[in-house]
Amino acid sequence: MLGKVALEEAFALPRFKERTRWWAGMFAVDADKHANEINDITETRIKYMDKHGVGYTILSYTAPGVQDIWDPKEAQALAVEVNDYIAETIKSHPDRFGAFATLSMHDPNEAAAELKRCVTKYGFKGALVNDTQRAGADGDDMVFYDGPEWDVFWATVVELDVAFYLHPRNPTGTIHEKLWAKRSWLIGPPLSFAQGVSLHLLGMVTNGVFDRHPKLQIVIGHLGEHIPFDLWRINHWFEDVKKPLGLSCKKTIREYFAQNIWITTSGHFSTPTLEYCITEIGADRILFSIDYPFESFGDACNWYDGVTLKNKEDVAKIGKENAKKLFKLGAF
Ligand code: GRE
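Residues numbered from 1 in each chain as written. Predicted model: local features only at pLDDT ≥ 70, side-chain atom pairs only at ≥ 80, totals over all residues. Heavy atoms only, no water.

### Considerations on the overall build of the protein
- Helix and strand content of the protein: 14 helices and 10 strands.
- A compact globule built from 332 residues should have a C-alpha radius of gyration of about 20 Å, and the protein, at 19 Å, falls within 12% of that.
- Seen through its principal axes, the protein has C-alpha atoms that stretch 55 × 55 × 45 Å.
- Within the protein, the fraction of its 332 residues that count as buried is 57%.
- Sequence separation of 24 or more characterises 78% of the internal contacts of the protein that already satisfy a separation of 6 or more.
- Looking at the protein as shown, the accessible area adds up to about 14,600 Å², and 55% of this sits on carbon and sulfur atoms. (Helix = DSSP H or I, 4+ residues; strand = E, 2+ residues; numbered from the N terminus. Rg over C-alpha atoms; globule rule 2.2 N^0.38 Å. Buried < 20%, exposed > 50% of the residue type's maximum accessible area, 1.4 Å probe, protein only. Contact = heavy atoms within 4.5 Å. Areas by Shrake-Rupley, 256 points an atom, 1.4 Å probe, with all protein chains shown as cover.)

### Side note on the UniProt feature "domain: Amidohydrolase-related" (unreviewed entry) in the protein
- The residues that UniProt annotates with the feature "domain: Amidohydrolase-related" (unreviewed entry) are residues 29-329.
- With 48% helix and 12% strand, residues 29-329 has end C-alpha atoms that lie 34 Å from one another. (UniProt positions renumbered as here; feature names shortened; annotations may be inferred.)

### Considerations on the site of the ligand
- Neighbouring residues of the ligand: Glu8, Trp23, Phe27, Ala63, His167, Pro189, Phe193, His222, Asp291 and Phe294.
- Taking Trp23, its side chain carries an N or O atom lying 2.7 Å from an oxygen atom of the ligand.
- In this structure, an oxygen atom belonging to the ligand sits 2.9 Å away from a side-chain N or O atom of His167.
- For the ligand, the protein covers 96% of the area, taking 280 Å² as the surface of the free molecule.
- Of the residues contributing to the shell around the ligand, the split by class is six nonpolar, two polar and two charged. (Near = heavy atom within 4 Å. Polar contact = N/O pair within 3.5 Å; in protein donor to acceptor, adjacent residues only side chain to side chain. Nonpolar A, V, L, I, M, F, W, Y, C, P; charged D, E, K, R; others polar.)

### Section: the packing of aromatic side chains
- For the structure on display, the rule yields 21 aromatic pairs.
- An angle of 45° between the planes, with centres 6.4 Å apart, marks the rings of Phe229 and Tyr276 as tilted. Of this pair, Phe229 sits in the loop between strand S8 (218-220) and helix H10 (231-245) while Tyr276 sits in helix H12 (residues 271-280), placing them 47 residues apart in sequence.
- The partly exposed category is assigned to Tyr276, whose relative accessible area is 29%.
- Three or more aromatic residues joined by ring pairs make a cluster, and in this case those are Tyr145, Trp150, Phe153, Trp154 and Phe164.
- Sitting above the plane of the Phe16 ring, Arg19 keeps its charged end 5.8 Å from the centroid. (Phe/Tyr/Trp six-rings, centres within 6.5 Å; stacked < 30°, edge-to-face > 60°. Lys NZ or Arg CZ within 6 Å of the ring centre and 35° of its normal.)

### Concerning the nonpolar core
- Membership of the largest hydrophobic core comes to 83 residues, with the highest contact counts inside it found for Leu115, Phe153, Trp154, Phe164, Ile218 and Leu274.
- If you tally residues by element for this core, the top one is helix H4 (residues 72-90), at seven residues.
- Apart from the residues lying within four places of it in its own chain, the contact partners of Phe153 are Leu103, Met105, Pro108, Ala111, Ala112, Leu115 and Phe164.
- Among the nonpolar cores identified, the runner-up in size contains 15 residues, and Ile58, Trp262, Ala323 and Phe327 belong to it. (Core = buried A, V, L, I, M, F, W, Y, C linked by side-chain atoms within 4.5 Å.)

### Some remarks on the pattern of salt bridges
- Taken as a whole, this structure holds 17 salt bridges when the rule is applied.
- Where Arg254 meets Glu280, a salt bridge forms, and the shortest distance between an N and an O atom there is 2.7 Å. A residue pair is termed long-range when its members are at least 10 positions apart, and Arg254 in helix H11 (residues 253-259) and Glu280 in helix H12 qualify at 26 residues.
- We classify Arg254 as partly exposed; its relative accessible area is 30%.
- Members of the salt-bridge network, linked through shared partners, are Arg19, Asp68, Arg134 and Arg169. (Salt bridge = Lys/Arg side-chain N within 4 Å of Asp/Glu carboxyl O.)

### Some details on the packing of helix H1 (residues 17-27) against helix H2 (residues 31-39)
- Running from N to C, H1 and H2 point in directions that differ by 130°, and their axes come no closer than 9 Å. Comparing the axis directions of H1 and H2 gives the class oblique. When you trace H1 past H2, the crossing you get is right-handed. From H1, Thr20, Arg21 and Ala24 reach across to H2, where they touch Ala31, Asp32, His34, Ala35 and Ile38. (Axes fitted to C-alpha atoms, helices over the stretch in contact; angles between N-to-C directions. Parallel < 35°, antiparallel > 145°, perpendicular 65-115°, else oblique. Left-handed = near helix turned anticlockwise from the far one by under 90°.)

### Quick word on helix H3 (residues 44-51)
- Residues of H3 that are buried: Arg45, Ile46 and Met49. Buried residues of H3, seen end-on, are gathered within an arc of 95° and therefore sit on one face of the element. Residues Lys47 and Lys51 are exposed on H3 and point more than 90 degrees away from its buried face. (Arc of directions from axis to C-beta.)

### Quick notes on the sheet that holds strand S4 (residues 126-130)
- With respect to topology, five strands assemble into an open sheet ordered S4-S7-S8-S9-S10, the strand pairing being parallel. In this open sheet, the two strands that pair with only one neighbour each are S4 and strand S10 (286-287).
- Direction of pairing for S4 relative to strand S7 (residues 163-167): parallel, over a ladder of five bridges. Along S7, the bridge assignment pairs Val129 with Leu166. (Pairing = 2+ DSSP bridges.)

### Quick notes on empty space enclosed by the protein
- Enumeration according to the criterion identifies three cavities of 30 Å³ or more in this entry.
- Empty space within the largest cavity amounts to approximately 110 Å³.
- In this structure, the largest cavity is lined by 13 residues; those nearest its centre are Arg19, Thr20, Thr62, Ala63 and Pro64.
- Taken together, the elements giving at least two residues each to the lining of the largest cavity come down to H1 and H2.
- By residue number, the principal contributor to the lining of the largest cavity is H1, which donates four residues.
- Among the residues forming the lining of the largest cavity, the class breakdown is eight nonpolar, four polar and one charged.
- Size it by volume and the second largest cavity reaches roughly 60 Å³.
- For the lining of the second largest cavity, the secondary-structure elements that each account for two or more residues are strand S1 (4-11), strand S2 (54-61) and S4.
- Ranked by residues supplied to the lining of the second largest cavity, first place goes to S1 with three residues.
- In terms of residue class, the lining of the second largest cavity is made up of five nonpolar, four polar and three charged. (1 Å grid on protein atoms, 1.4 Å probe; cavity = no way out; pocket = protein on both sides within 12 Å on 5 of 7 lines; lining within 4 Å. Points joined across faces, edges and corners; volume = space filled by probe spheres on them.)

Next comes the structure, spelled out in structure tokens:
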């Protein structure tokens, strides 16, 4: 399919050679190729896009990114640097690239102001944030965005009418030590990424973020970070047990998915799983994505271009039409 839109597509800062290699060491079989691809925005990437029928890409700064920096001033300075860098880099290709803002998540007001700057000054399409923000004197604290102190930030996301992509990051500090250190092959896509994001998103649901911001639009990748598979069970326990015991969120989990949450195909190229997600979540809430360069254009696009769905129009909806509406994309 031509004109696909891809949404979870990473870049790095070329000056961070060692950081890029450290991350590639855990997640890329060919670290050199990965480092070249993640730093290249307008050459190799455009060739891949042309070859594989991707019309438009929304770029985001690679994980763990600013969420790994526990010093608030340093984190904010890097976020601003990343945003200015990507705005400048894609300026000459407005018909092929957009960007998500990179945000320091130490301070809700500061995050809101930087998002506003990126959307109004640069036309960014929203923000992509890597799960929890490392914080505290030694980086062992984690900031979640599901408490009332973040209402000012979510109100700004809604006011700017943009989407927020909640992306995974690696476990650190005590959590890493206690849960993952002795099971380190499970860090990342096999398990820890989905656990982190699903905890955070369901925390937003149960702590009432979507009740206080009913227009808020959150995107999660990897065909829903395991949540769609558990939807019946989550719904059953919220409605039949947790609400009678005091859980106070107003709608059902299925209603939040229908009104506030989107899932993408990033890094999950399975037709049976996509069909299952269409049944549970609906094709109107699913968006194509690759997860480049952690995944390849070939794997994602050859798969998607060969998918046949029961409702033929769902292929175009998921491949591009839903994204065009959500991100108000013009012609490309
Ligand atoms: C990502 O999307 O950022 C990512 C990684 C590492 C492995 C897989 C992956 O950072 O999707």
